[in-house]
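In case you want the letters, here they are:
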Amino acid sequence: MRPGRILLIVVAVVVIAGLGVLAWLITASRPMAFAGGGAVALADYKGPPPTGVPADFASTDRIARGQYLTRAADCLACHTAKGGAPFAGGLAFKLPFGVIYSPNITADKDTGIGGWTDAQFLAALRGGVDDTGQFLYPAMPYTAFTYMTDADGLAIKAYLFSLKPVHRDNKDNSFSFPYNQRWLIGIWNRLFNANQRFQPHPDRSPQWNRGAYLSEAMAHCGDCHTPRTLAQNLDNHRKDAGAVTAGWLAYNITSHRLYGVGAWSDAELAQYLSTGYAPGRGVAAGPMGEAVDLSLSYLTPSDIAALVAYVRSIPPVATPGQPAPVLTPAPAAPGQGVAEGYDPKGKRIFEGACASCHSWTGQGSLTPWAALTGDRAVNDPTATNVAQVVIAGAKPRMGTALTYMPAFGAAYTDDEVAAVANYVTARFGAKPSNITPKQVAALRKQS
Ligand code: HEC
Ligand code: HEC
Ligand code: HEC
C-alpha cells in the first residue's frame, strides 16, 4: 500500500473516532433517551396533561399555581444568598476556576428582572441567554428547564413578579481567562442544550410522564445526581449514577438494587422525597435536605408518586465504589462493633458529641430522625457527607426541633472532623473510610 493511502486511512480513523466521541457526548445530553423512541409533541399527546400543576392541587389562582411551579423548580435555593432576601440573588457557587453569584430575579427594575419581557424571561430560563444577549453559565440549570412549557415558565414569571421587588445589585463572577469568555458557552449550548420542550411518551403511563416532566423540566434531579463528561454536560449514559455537588455526594439513585435505590419500597422513596427521611434508609441532609425543605415537601401526593414511578424506571447502574448499606444496627456496647482500640480519638469525640443523639447502635436515641443505620452517608467509604454534616449540621425540619443537628465546624479542627467521620463509617457502615484532614479542609472551602 502506498504511504499516502495509509495516511488517508489514519486520518479517516481519527476523524471517525472524533465524530464518535462527539456523538457520544451529544447523546449523553439527552436525559430521557433511556425511555426509547416514540416520544410525541405535547400537542399530539392524548393522555392527561403531564405539565402544569397536578389535578390534586386545589387552587385555581394563577399566582398560587406559579408559586407551586416555582417551588417544583426550586428557583429559591439558588437565587437566595445565605440569610438574604428571597430571590434577590447573591448566593456564591464555588467552582474550581472562580466564584459565580446568582443574580437578583425579583421584579426590581434596576437590579432585578423587572424590565424583562416574557420572551426574554423564557430565553434565559430555557436557552441560557440574558436580556442583553449574553450567555449564562450552566450553573443555572437551563439545560433542564429547557423542557418546560411556555405556560409553566410564564406562570413562574407571574409569581416572581407578584412579590415585592428587592433592590440588590448583582455581583460579577471572579472567572479568569478563558472561563470569563461567555461566548464560548454559546458553542457549548449548540452542542449540549437540547433547547426543546418536553415530549411525552405515549407508551408509558400518564404517571410516568408526569414524573418525567417533574424530574427533568422542574426539579432537575439529574443536575446533582448525574455525573458529567469532560465537556461538563451531564453523562446520561450513566444517568443518576451519582455525582459531587457543592462538596456533597449526591448518591446513585438508579434502580440498581445494591448501589441505587432499587431495593427501597415506593413508600420509603415517597417519604424520603416529601419529608427528607425514610425509616431504615436515613435522612436527606445538605443540598438534598434543602431540595426537600424548599421544593419537594410542597409537592402534592400525586406528584410525589409520579416522581417515585419515574425514578423507579431509571436503568440500574453499578457503582461498586459505594457498597450496599448495612441495614442492621451496631451493638449497644461502646466497646463492641469495631475492633477494640480502633480509632480512640474518633471514638472519644463520638462519645462526647454524638452518641447522646445518635446512640451507640446508630438507631437514634431521642428521635428516629437521628438513625444512622442504613443511611447511605455512613456507608460511603469517602465519608464526604458525614464530614459535611459534622461541619455544617442540619436545620430542623417538619416543624420539630428533634430533627436538628448542631454544626461542629467551628468547634473542631480538620483532624477532629476526619477522626469522628472515620469512626462513624467504621462503626455503622459497610466499609471504614479514611478521610484525611486535608480533604476535610477542602470540603470546608466548597460549602
Ligand atoms: C442550581 C442553581 C440555580 C437554580 C435552581 C436556578 N438558577 Fe437561575 N441562575 C443561577 C445562576 C448561577 C445564574 C447566573 C448565571 C450567570 O451569571 O451566567 C442564574 C441566572 C438566572 C437568570 C438570569 C438573570 C440575569 O440577570 O442575567 C434568570 C432570569 C434566572 N436565573 C431565573 C431562574 C428561575 C426562574 C429559576 C427557577 C425556575 C432558576 N433561575 C433556578 C442558578 C440557578
Ligand atoms: C441540589 C442537588 C440535588 C438535587 C436537585 C436533588 N438531589 Fe437527591 N441528593 C442530593 C444529595 C447531596 C444527596 C445525599 C444526601 C445526604 O447524604 O444526606 C441526595 C440524596 C438523594 C436520595 C437518597 C439516596 C440514598 O441512597 O440515600 C434520593 C432517593 C434522592 N436524592 C432523590 C432525588 C430526586 C428524585 C431528586 C429530584 C426530584 C433529587 N434527589 C434532587 C442532591 C440533590
Ligand atoms: C442534638 C442531636 C445531635 C447531635 C449532638 C449530633 N447529631 Fe448527627 N444528626 C442529628 C439529626 C436529628 C440528624 C438528621 C438531620 C436531618 O434531618 O437532616 C443527624 C444526621 C446525622 C448524619 C446523617 C447525615 C446524612 O447526610 O445522611 C450523620 C452522619 C451524623 N448526624 C453524624 C453526627 C456526628 C458524627 C455527630 C457528632 C460530631 C453528630 N451527628 C451529632 C442529631 C444530632
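Given the structure is predicted, the values throughout are model-derived calculations rather than measurements.

Conventions adopted
Residues numbered from 1 in each chain as written. Chains lettered and ligands numbered in written order. Predicted model: local features only at pLDDT ≥ 70, side-chain atom pairs only at ≥ 80, totals over all residues. Heavy atoms only, no water. Helix = DSSP H or I, 4+ residues; strand = E, 2+ residues; numbered from the N terminus. Buried < 20%, exposed > 50% of the residue type's maximum accessible area, 1.4 Å probe, protein only. Contact = heavy atoms within 4.5 Å. Phe/Tyr/Trp six-rings, centres within 6.5 Å; stacked < 30°, edge-to-face > 60°. Lys NZ or Arg CZ within 6 Å of the ring centre and 35° of its normal. Domains from an automatic or database assignment. Near = heavy atom within 4 Å. Polar contact = N/O pair within 3.5 Å; in protein donor to acceptor, adjacent residues only side chain to side chain.

Engineer: Just give me the short version of the overall build of the protein chain, but keep the residues and values in it.
Structural biologist: Helix and strand content of the protein chain: 16 helices and 6 strands. The C-alpha extent of the protein chain, read off along each of the three principal axes, is 75 × 65 × 45 Å. Every one of the 447 residues in the protein chain was classed for burial, and the buried ones make up 48%. Within the protein chain, contacts between residues at least 6 apart in sequence are counted, and of these 66% link residues at least 24 apart.

Engineer: Describe the packing of aromatic side chains, and please don't skip the residues or the numbers.
Structural biologist: Under the counting rule described, the total for this entry stands at 16 aromatic pairs. A ring pair is formed by F34 and W208, whose centres lie 6.3 Å apart and whose planes are at 65 degrees; its orientation type is edge-to-face. Of this pair, F34 sits in the loop between α1 (3-28) and α2 (62-73) while W208 sits in helix α8 (residues 206-218), and the two are 174 residues apart along the sequence. On the accessibility criterion, F34 (23% relative accessible area) is partly exposed. Plain terms: the ring middles of F198 and Y213 are 5.3 Å apart, the flat faces sit at 65 degrees to each other, and that makes the pair edge-to-face. Taken together, the residues F198 in the loop between α7 (183-192) and α8 and Y213 in helix α8 connect sequence positions 15 residues apart. With relative accessibility at 2%, the residue F198 sits in the buried group. On the basis of relative accessibility, which here comes to 0%, the residue Y213 falls in the buried class. Cluster of aromatic residues (ring-pair linked, three or more members): F97, Y137, F175 and Y179. It is K157 that lies over the ring of F161; its NZ or CZ is 4.4 Å from the centre. If you follow R204 out to its NZ or CZ, it ends over the ring of W208, 4.8 Å from the centre.

Engineer: Just give me the short version of the domain arrangement of the protein chain, but keep the residues and values in it.
Structural biologist: Partitioning the protein chain into domains gives domain 1 (1-30), domain 2 (52-192), domain 3 (219-312) and domain 4 (344-446). Computed over C-alpha atoms only, the centres of domain 1 and domain 4 are separated by 49 Å.

Engineer: Describe the site of ligand 1, with residues and values.
Structural biologist: Ligand 1 sits among 23 residues. The nearest are C75, C78, H79, M140 and R182. In this structure, R182 approaches ligand 1 through a side-chain N or O atom, which is 2.7 Å from an oxygen atom. Those elements that provide at least two residues to the shell around ligand 1 are α3 (75-78) and α4 (118-127). Per-element accounting of the shell around ligand 1 gives the leading share, 3 residues, to α4.

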